[in-house]
Amino acid sequence: MKMQRTSYYIISIIIMMLYNVASFSQDNAVVTDTVVFKQSYGLRLGGDLSKLVRSFLDDDYKGFEINGDYRLSKKVYLAGELGIEEKTTDSDYLNTTAKGSYFKAGLDYNSYINWLDMENMIYGGIRVGLSSFSQTLNSFTVYNTDQYWQQQFTDNPNQEFKGLSAIWSEILVGIKVEVLNNLYVGLNFQLKAMITQDEPTNFANLYVPGFNKIYDSGRLGAGYGYSISYLIPIYKKNKIEVLPK
Amino acid sequence: MKKFIILILVIISIGTSCERDDICSENTSTTPHLIIRFYNVDDQEQTKQVRLLTVNGVDSDGNVLDNIVSSVSTDSIVLPLRFQNEGVITTSRFALKRDSDFDTDTNDTTFSNTDEIVVNYTPQFIYVSRACGYKSVFNDTQNTLIVDSDNWIFSYEIVNTTIDNENAAHIILYH
């Protein structure tokens with residue numbers, strides 16, 4: 001009973017406070033003005049810095065990616081990436097090298113409402129990726145839990161499986177910030193789902209260029225990119241901004 | 001904006017939570033052992049225990065290696081198979097000693113009896129997974145019983161010439 005009274009009390013106080021806020025905002029008569037900003041439309045081209053840096057630091061990795069987007073409308077961009085990668089995967093029982101090129105195409109949607117004349121992006125995107133690659137089985141150790149007769153047996157077949165391809169879909173989120181005039185740096189995360197891939201005979205793809213690591217447990221993959229790009233302005237469009245005076 | 005932060009977090013967590021693949025699970029079927037069961041020669045439907053059985057591998061020079069089974073009364077044994085290269089006929093040789101205690105006890109009139117079997121097969125390497133790599137299975141299994149003056153094993157039967165799992169016996173020995 002006492003509990004109930006207390007909550008009545010609290011609730012009525014909250015309701016009273018809400019009315020106060022509402023009456024305040026009514027006092028604020030909004031006066032507005034409109035300003036027109038020029039917005040650049042064009043082709044933005046760049047490269048992936050993270051892949052470049054990783055190529056120098058990681059002996060097992062070589063890769064490069066160029067990316068580009070073209071602004072279709074206020075919020076929608078046509079976007080794509082083109083890259084090459086060579087990655088050696090080394091585990092206790094397998095050593096394999098994937099080598100090939102990939103192409104991704106799709107759309108980016110900018111959800112960020114820019115202030116004034118700024119043209120930054122917080123965006124989501126979709127892609128379809130296509131990779132053409134080869135898989136080389138450098139060496140393997142036969143998994144044998146019983147070493148009564150000998151140590152585990154290791155073979156170096158150096159067998160190359162050529163002409164493999166893979167298709168996957170991707171969703172990504174990222175940001176692009178204009179740091180200098182027309183120069184952008186960006187960061188994005190990608191979540192990928194394999195649609196179809198050629199499996200080598202009596203082996204599997206452990207890494208697909210563009211898709212990255214393939215997991216035993218499913219068809220999902222992940223990736224990230226750190227890009228630097230330059231916008232080549234082709235034309236300008238007006239953006240009308242309503243400003244409070 | 002908030003939605004995007006949540007989406008970024010979801011993608012990062014999915015991307016990093018998949019690392020468990022890198023350890024080969026014990027439940028995964030990898031290189032199998034040879035499974036031998038002992039049956040009664042007089043009643044061939046019935047399994048029959050071997051009294052105090054000791055099993056050793058014998059290398060290609062005839063040297064007896066460490067015990068695989070040590071003085072156990074059992075009707076089934078699980079043996080490792082030797083293999084090197086794929087596709088090459090390979091041999092494992094085993095010495096099976098019955099009544100292991102008879103040689104070491106004080107009674108001079110009883111003796112342990114050792115029989116040897118030779119198993120031939122062809123290894124084939126099969127891809128399992130990223131974590132486990134390859135396993136070997138064994139095809140075209142053949143068995144030979146070395147005949148001596150006093151065999152306790154009378155005959156054998158190969159139930160399965162392909163050794164690719166450990167679910168059932170591959171070879172049956174009658175005694």
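Criteria and thresholds
- Residues numbered from 1 in each chain as written.
- Chains lettered and ligands numbered in written order.
- Predicted model: local features only at pLDDT ≥ 70, side-chain atom pairs only at ≥ 80, totals over all residues.
- Heavy atoms only, no water.
- Helix = DSSP H or I, 4+ residues; strand = E, 2+ residues; numbered from the N terminus.
- Buried < 20%, exposed > 50% of the residue type's maximum accessible area, 1.4 Å probe, protein only.
- Contact = heavy atoms within 4.5 Å.
- Areas by Shrake-Rupley, 256 points an atom, 1.4 Å probe, with all protein chains shown as cover.
- Disulfide = S-S within 2.5 Å.
- Buried area = accessible area lost by both parts, 1.4 Å probe.
- Salt bridge = Lys/Arg side-chain N within 4 Å of Asp/Glu carboxyl O.
- Polar contact = N/O pair within 3.5 Å; in protein donor to acceptor, adjacent residues only side chain to side chain.
- Core = buried A, V, L, I, M, F, W, Y, C linked by side-chain atoms within 4.5 Å.
- Pairing = 2+ DSSP bridges.
- Axes fitted to C-alpha atoms, helices over the stretch in contact; angles between N-to-C directions.

1. Some remarks on the overall build of chain B
And step 1. Scanning chain B for helices and strands turns up one helix and nine strands.
And step 2. Helices and strands appear in chain B in the N-to-C order α-β-β-β-β-β-β-β-β-β.
And step 3. Expressed as a percentage of the 175 residues in chain B, the buried residues total 44%.
And step 4. Across chain B, contacts joining residues at least 24 apart in sequence account for 55% of those joining residues at least 6 apart.
And step 5. Of the roughly 9200 Å² of accessible surface on chain B, 49% is carried by carbon and sulfur atoms.

2. Regarding the state of the cysteines
Residue and element names in this part refer to chain B.
And step 1. Counted under the stated rule, the structure contains one disulfide over all chains.
And step 2. There is a disulfide in this structure between C24 and C132, and the S-S distance comes to 2.0 Å. Between C24 and C132, the S-S dihedral sits near 95 degrees, and the bridge is therefore right-handed. Here C132 lies in the loop between β6 (113-129) and β7 (133-145) and C24 lies in the loop between α1 (2-16) and β1 (34-39), a separation of 108 residues in the sequence. When sorted by exposure, C24 lands in the same class as C132, which is buried.

3. Structural notes on the interface of chain B and chain A
For interface size, the figure often reported is the accessible area lost on association.
And step 1. If you look at the interface, chain B gives 44 residues, while chain A gives 36 residues.
And step 2. Buried surface at the junction of chain B and chain A, both sides included, amounts to about 3500 Å², of which 65% is carbon and sulfur.
And step 3. Remark: the boundary between chain B and chain A carries zero salt bridges.
And step 4. Viewed at the interface, chain A and chain B are joined by 11 residue pairs in polar contact (both at pLDDT 80 or more).

4. Considering the nonpolar core
And step 1. Within the largest apolar cluster, 46 residues are counted, with the highest numbers of intra-cluster contacts made by L34, I36, F38, I77, F94 and L96 of chain B.
And step 2. Here this core gets five residues from one element, more than from any other, and that element is β6 of chain B.
And step 3. Those residues in contact with I36 of chain B, other than ones at most four positions away along the chain, are D75, S76, I77, L79, I117, I171 and L173 of chain B.
And step 4. Formed by five residues, the second largest nonpolar core is a distinct cluster that contains Y93 and Y143 of chain A together with C24 and C132 of chain B.

5. Quick look at the pairing of strand β5 (residues 90-98) of chain B
And step 1. One ladder, built from five bridges, connects strand β2 (residues 50-58) of chain B with β5 of chain B; its direction is antiparallel. In the sheet register, V55 of chain B faces β5 of chain B, and the bridge partner there is L96 of chain B.

6. Topic: the side chain of N67 of chain A
And step 1. One can find N67 of chain A in strand β2 (residues 61-71).
And step 2. Ignoring any residue separated from it by four or fewer positions in sequence, one finds N67 of chain A in contact with R44, L45, G46, G47, D48, G80, E81 and S227 of chain A.

7. Section: the sheet that holds β6 of chain B
All names here are of chain B.
And step 1. Pairing in this open sheet of five strands is antiparallel, and the strands run β3-β2-β5-β6-β7 from one edge to the other. Each edge of the open sheet is held by one strand with a lone partner, namely β3 (64-74) and β7. Strand-to-strand twist of the sheet, defined as the mean angle between neighbouring strand axes without regard to direction, takes the value 30 degrees.
And step 2. Where β2 meets β3, five bridges bridge the pair, whose relative direction is antiparallel. Bridge pairing in β3 links V55 to V69.

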